[in-house]
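Structural features, examined
Here's the letter readout for the chains.
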Amino acid sequence: MRISFCYADTKSEPWLAGLRAALPQAEVEVWSPGAAPADYGVVWAPPQQFLDEQPHIRALFNIGAGVDALLQLQVPAQTLIVRLDDAGMSAQMAEFVCHAVIRHFRELDHYEAGMNQGQWAFRKPRLRSDCPVGIMGLGVLGQRVAQAVAQFDFPVVGWSRSPKAIEGVRCFAGEAQLPAFLAASKVLVCLLPLTDETRGILRRETLAQLQPGGYLINVARGAHLVDEDLIALLDSGHLAGAALDVFRQEPLPAQHTFWKHPKITLTPHTSARTLRDESIAQMVGKIMALERGEPIAGVVSRDKGY
Ligand code: NAP
Ligand code: GLV
């Protein structure tokens, strides 16, 4: 069995060592143009040439949960595209989003700024019931995040394509219920995949439907958000702030307005990192299942785009 590794922006050696240790019978190599055809690919945003030279590759294991970059390419029709299925990401995402919600709700940035100026001053406690948190996307990450936020007794609502029943979460589904979901949310967390249907979903028309004083947390993809619309709603006061982890262009260009906006908190696409050992273990388990002819979880639907 031959496995081709293709991820230009990372150190390949630890990945190769991990894959070789778990699958000693496999030949595992970094892809280079003209390499022998592989049975499996372990990839992040490979060049089109990789796919053009691998017309019979059986499965591509994406080194991440979101497959939007991969689906931009011409992937051979019979090749399975397999996403990372949690692999240690949901706990990271839950802690990141809970931290962002709590930092906003408890006004910790105000306290930090005050303390830095030697001010010992209290702010009136906010009511948790006035801070419903809406989670867009109730998949592997969204469900874990929704349940984690609900543990702090915030009212939690969620929105997905198909109907869901999640304890402690009021669930909405489909385009028809999007307005009701937004109207029930004050903090909005985006955990949708980037697809033709969700590109630009965080725009003036939708964000304006959040409760006044709303707060946006985008941890999905930068292209979900229309940047100028967020700035306009922050500047008008309809939105109180935003925590952004993902951007249309990454790294965020030095001249972008987001860098200096007083109501925006930035992180460099780090809310849920790919954990190498967990990811290798998951991919190897699935390769062995495929070799035995068994079905695997996490296969992407090309029709749905996630
Ligand atoms: P997932 O398991 O595929 O879940 C996606 C959820 O979105 C599902 O609940 C799905 O509905 C819903 N959805 C998709 N299209 C929709 C639409 N048109 N209308 C309403 N709901 C829709 O994905 P995941 O593992 O939770 O990850 C979500 C995204 O997070 C990834 O695609 C990636 O872009 C992003 N991500 C970011 C980071 C980071 O570090 N910032 C890390 C990992 C992932 P159904 O349940 O009905 O199918
Ligand atoms: C990271 O953004 C991922 O999709 O895993």
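Residues numbered from 1 in each chain as written. Chains lettered and ligands numbered in written order. Predicted model: local features only at pLDDT ≥ 70, side-chain atom pairs only at ≥ 80, totals over all residues. Heavy atoms only, no water.

Remarks on the site of ligand 2
- All residues in the neighbourhood of ligand 2 are listed as Gly64, Ala65, Gly66, Met89, Arg221 and His269.
- Contacts to ligand 2 include glycine 66, whose backbone N or O atom sits 2.8 Å from an oxygen atom.
- Between ligand 2 and arginine 221 there is a distance of 2.8 Å, counted from an oxygen atom to a side-chain nitrogen or oxygen.
- Contact with the protein chains removes 86% of the 190 Å² of surface that ligand 2 exposes when unbound.
- Residue composition of the shell around ligand 2, by class: two nonpolar, three polar and one charged. (Near = heavy atom within 4 Å. Polar contact = N/O pair within 3.5 Å; in protein donor to acceptor, adjacent residues only side chain to side chain. Areas by Shrake-Rupley, 256 points an atom, 1.4 Å probe, with all protein chains shown as cover. Nonpolar A, V, L, I, M, F, W, Y, C, P; charged D, E, K, R; others polar.)

A closer look at the domain arrangement of the protein chain
- Considered domain by domain, the protein chain is made up of domain 1 (2–87 + 274–291) and domain 2 (89–266).
- Here the C-alpha centre of domain 2 lies 32 Å away from the C-alpha centre of domain 1.
- For the pairing of domain 1 and domain 2, the buried interface totals around 770 Å² over both sides, and the portion due to carbon and sulfur atoms is 48%.
- When the buried surface of domain 1 facing domain 2 is broken down by residue, Ala65, Asp68 and Asp86 rank first, second and third, together holding 56% of it.
- Where domain 1 packs against domain 2, one counts one salt bridge. (Domains from an automatic or database assignment. Buried area = accessible area lost by both parts, 1.4 Å probe. Salt bridge = Lys/Arg side-chain N within 4 Å of Asp/Glu carboxyl O.)

Considering the site of ligand 1
- As a matter of local geometry, ligand 1 sits amid 30 residues, with Arg83, Leu141, Ser162, Lys164 and Tyr306 nearest to it.
- Side-chain polar atom of arginine 221 to an oxygen atom of ligand 1: 3.2 Å apart, as the coordinates give it.
- With respect to ligand 1, the side chain of serine 271 contributes an N or O atom lying 2.9 Å from a nitrogen atom.
- Considering ligand 1 on its own, with 940 Å² of exposed area, one finds that the protein chains cover 93% of that surface.

A word on the pairing of strand β7 (residues 156–160)
- Summarising burial for β7: five of the five residues are buried, a large majority.
- Judged by which residues are buried, β7 turns out to be covered on both faces: Val156, Gly158 and Ser160 on one side and Val157 and Trp159 on the other are all buried.
- With four bridges joining them, strand β6 (residues 133–136) and β7 adopt parallel strand pairing. Of the residues in β7, the one forming a bridge with glycine 134 is valine 157.
- This β-α-β element, β6 to helix α6 (residues 140–150) to β7, shows right-handed connectivity.
- Two elements, β7 and strand β8 (residues 170–173), share four bridges in a ladder whose sense is parallel. By the bridge assignment for β8, serine 160 is matched with alanine 173. (Buried < 20%, exposed > 50% of the residue type's maximum accessible area, 1.4 Å probe, protein only. Helix = DSSP H or I, 4+ residues; strand = E, 2+ residues; numbered from the N terminus. Pairing = 2+ DSSP bridges. Right-handed = clockwise from strand over helix to strand, strands pointing away.)

Concerning the sheet that holds strand β3 (residues 40–43)
- Taken in spatial order, the five strands make up an open sheet running β2-β1-β3-β4-β5, and their pairing is parallel. Whereas interior strands pair on both sides, the edge strands pair on one side only; in this sheet they are β2 (27–30) and β5 (80–82). Along the sheet, successive strands turn relative to each other by an average axial angle of 20°, direction set aside.
- Relative to β2, strand β1 (residues 2–6) runs parallel, the two sharing four bridges. Each residue of the ladder has a partner; that of phenylalanine 5, found in β2, is valine 30.
- Of the strands in this sheet, β1, β3, β4 (59–62) and β5 touch helix α10 (residues 276–291), which is tilted by about 165° from β4. (Axes fitted to C-alpha atoms, helices over the stretch in contact; angles between N-to-C directions. Contact = heavy atoms within 4.5 Å.)

A word on the packing of helix α1 (residues 12–22) against α10
- In the contact formed by α1 and α10, the axes pass within 10 Å of each other and the chain directions differ by 40°. Judged by the angle between their axes, α1 and α10 are oblique. In the crossing of α1 with α10, the sense of the turn from one axis to the other is right-handed. Mapping the contact onto sequence places Pro14, Trp15, Gly18, Leu19 and Ala22 in α1 and Arg276, Ser279, Ile280, Met283 and Val284 in α10.
- When grouped by side-chain class, the residues that make up the contact of α1 with α10 number seven nonpolar, two polar and one charged. (Parallel < 35°, antiparallel > 145°, perpendicular 65-115°, else oblique. Left-handed = near helix turned anticlockwise from the far one by under 90°.)

Some points on a nonpolar patch on the surface
- A surface patch of nonpolar side chains, about 480 Å² in accessible area, is lined by Met115, Trp120 and Phe122.
- Here tryptophan 120 is to be found in the loop between α5 (108–116) and β6.
- Judged by its relative accessible area of 70%, tryptophan 120 falls in the exposed class. (Patch = residues over 30% accessible without salt bridge, like charges linked within 9 Å, V, L, I, M, F, W, Y side chains within 5 Å.)

Observations regarding the pattern of salt bridges
- Tallied over the full model, the rule gives 12 salt bridges.
- For arginine 58, the salt bridge goes to glutamate 291, with nearest N and O atoms at 3.4 Å. One end of the pair, arginine 58, is in the loop between α2 (48–52) and β4; the other, glutamate 291, is in helix α10, and 233 residues separate them in sequence.
- On the accessibility criterion, glutamate 291 (43% relative accessible area) is partly exposed.
- Glutamate 205 is the salt-bridge partner of arginine 203, the closest N and O atoms lying 3.0 Å from each other.
- With relative accessibility at 30%, the residue arginine 203 sits in the partly exposed group.

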